[in-house]
Structures are given as C-alpha cells and as structure tokens.
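Listed here are the chains, written in short residue letters.
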Amino acid sequence: GVTADRRDNPLRPRHGYHWSTQVEAADPKLGGESTYQRFEISGAYHTSWGSGRWVHVGLSHGVITTLGATDSNLPVNRRFYPGGDNSIRGYQRGEAAPRRADELFVGAKTFVLANLELEQALTPNWSLVAFGDALGTAVSLRGYPFTERLYSVGLGVRYQTLIGPIRLEYGR
C-alpha cells in the first residue's frame, strides 16, 4: 500500500487532501490456497466554504479479479461489503453489499463510493453536518464498474474531543 497525506489535521481535517492505494495478490505459487488480485484506491479533499463551514469530498474504488482461476475459490472475506459509518451511512456495516435472490449477502467484486459533506461549526467543539453518499456495486466484473446503485442522505452532529470526534449521524 501507498499513502499520501496533506491534511492540516488527520482527526479533524479542515484543509488539504489525502489518498491511498492498496494492492493485494494471492496465488498457490505464493503459498496461498486461492488466486485473486485485489486493488483499492481512495482519496478525500477538504476545504473551507465561508466562515466556520467546510466541504469534505471523498471517492473510493475497489476491484477484485481472479485472473487464472474461477470465482469459486475466491475467499468470501475478500469481496467488498460496503455500508456503515465510514462508507454509505444510510446502511448498517456490510448491509449495502449485493444480495442473492434469497436475500443472502454475496459481496461485490467491484464498487465505487462517493461521499459529500457540508459541515457547519456551532462552537469550537460542536458542529452540524449534512451529507450525501452514493454507492455503485457489481457482483461480477461483467458489470464493471457497477450494476446496482444505492444513495443515502442524512444529518449529524459532531463533538470534538482530545482523541478525535464523536459522531452521531442519521442517514436514509
């Protein structure tokens, strides 16, 4: 993995950007039991928008392939299961993943996630946030980059502590 961070504060960013990328590969020739290649890239940009207001924009993308093998050997925990407070906030952790016809989660082989937040300071430690999240997923690479779409909008309140923010957010 490779990461670059140019934010003014990693716990409460107001200006700057950060990005990261991660590549993972498995093959029986390397001592594993399955063959897959997993790639993830993400980034975020933070800037002020007037006095006491900030805009936060994030974009993430992931894809997993099984070049030289079949999906039947792909470990279920290597697929993508988006949802939750650091993903699409209108869904519980992992519950924005694709499902089979019998409603069981199967996970995605590819996803695209976009987050947009507008934060308004109330005091030096309290702020309100309005957000919108968009997610696209696909069960197979034939649907790259996505075949299913989910959206979420919501509001939240944040309190800044010495060790990071406490967030209370509701998305639908």
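Refer to the structure printed above.
Model, not experiment: these values are computed from the prediction.

Participant: Describe the overall build of the protein chain, listing the residues and the values that go with them.
Facilitator: If you tally the helices and strands in the protein chain, you get zero helices and eight strands. Seen in sequence order, the protein chain has helices and strands lined up from the N terminus as β-β-β-β-β-β-β-β. Projected onto the principal axes, the alpha-carbon positions of the protein chain cover approximately 55 × 35 × 25 Å. Within the protein chain, the fraction of its 172 residues that count as buried is 38%. If you take every contact in the protein chain between residues at least 6 apart in sequence, the share linking residues at least 24 apart comes to 52%. On the protein chain, roughly 10300 Å² of surface is accessible, and the fraction owed to carbon and sulfur atoms is 58%. One finds the centroid of the 19 positive side-chain charges in the protein chain at a distance of 3 Å from the centroid of its 16 negative side-chain charges.

Participant: Tell me about the sheet that holds strand 7 (residues 148-161), residues and numbers included.
Facilitator: Spatially, 1-2-3-4-5-6-7-8 is the arrangement adopted by the eight strands of the open sheet, whose pairing is antiparallel. Pairing within the sheet leaves two strands with one partner each, and these edge strands are strand 1 (2-5) and strand 8 (164-171). On average, adjacent strands in this sheet sit at an angle of 15° to one another, irrespective of strand direction. Across eight bridges, strand 7 lies against strand 8 in antiparallel orientation. Each bridged residue has a counterpart across the sheet, and for Leu 155 the counterpart in strand 8 is Tyr 170.

Participant: Give me the lowdown on the layout of surface pockets, citing residues and values where you can.
Facilitator: Space inside the largest pocket adds up to approximately 1100 Å³. Lining the largest pocket are 43 residues; nearest its centre among them are Asp 85, Asn 86, Ser 87, Asn 115 and Arg 167. Among the secondary structure elements, those contributing two or more residues to the lining of the largest pocket are strand 2 (16-26), strand 3 (36-48), strand 4 (53-65), strand 5 (110-121), strand 7 and strand 8. The greatest single-element share of the lining of the largest pocket, amounting to six residues, is contributed by strand 3. If you add up the space inside the second largest pocket, you get close to 180 Å³. Across the lining of the second largest pocket, the residue classes break down as three nonpolar, four polar and four charged.

Participant: Go over the side chain of Gln 160 with me, naming the residues and quoting the values.
Facilitator: By the element assignment, Gln 160 lies in strand 7. Leaving out residues up to four positions away in the same chain, Gln 160 has contacts with Arg 12, Asn 125 and Pro 165.

Participant: Break down the nonpolar core for me, citing the residues and quoting the values.
Facilitator: One finds Ala 26, Tyr 36, Ile 64, Leu 74, Phe 80, Ile 88, Ala 96, Ala 108, Phe 111, Leu 113 and Leu 135 forming the largest nonpolar core, which totals eleven residues. With sequence-adjacent residues up to four places away left out, Phe 111 is seen in contact with Ser 60, His 61, Gly 62, Phe 80, Leu 135, Gly 136, Thr 137 and Pro 145.

Calculation criteria
Residues numbered from 1 in each chain as written. Predicted model: local features only at pLDDT ≥ 70, side-chain atom pairs only at ≥ 80, totals over all residues. Heavy atoms only, no water. Helix = DSSP H or I, 4+ residues; strand = E, 2+ residues; numbered from the N terminus. Buried < 20%, exposed > 50% of the residue type's maximum accessible area, 1.4 Å probe, protein only. Contact = heavy atoms within 4.5 Å. Areas by Shrake-Rupley, 256 points an atom, 1.4 Å probe, with all protein chains shown as cover. Lys, Arg positive; Asp, Glu negative; His and termini not counted. Charge placed at Lys NZ, Arg CZ, Asp CG, Glu CD. Pairing = 2+ DSSP bridges. Axes fitted to C-alpha atoms, helices over the stretch in contact; angles between N-to-C directions. 1 Å grid on protein atoms, 1.4 Å probe; cavity = no way out; pocket = protein on both sides within 12 Å on 5 of 7 lines; lining within 4 Å. Points joined across faces, edges and corners; volume = space filled by probe spheres on them. Nonpolar A, V, L, I, M, F, W, Y, C, P; charged D, E, K, R; others polar. Core = buried A, V, L, I, M, F, W, Y, C linked by side-chain atoms within 4.5 Å.

Distances and angles like these do not, on their own, reveal function.
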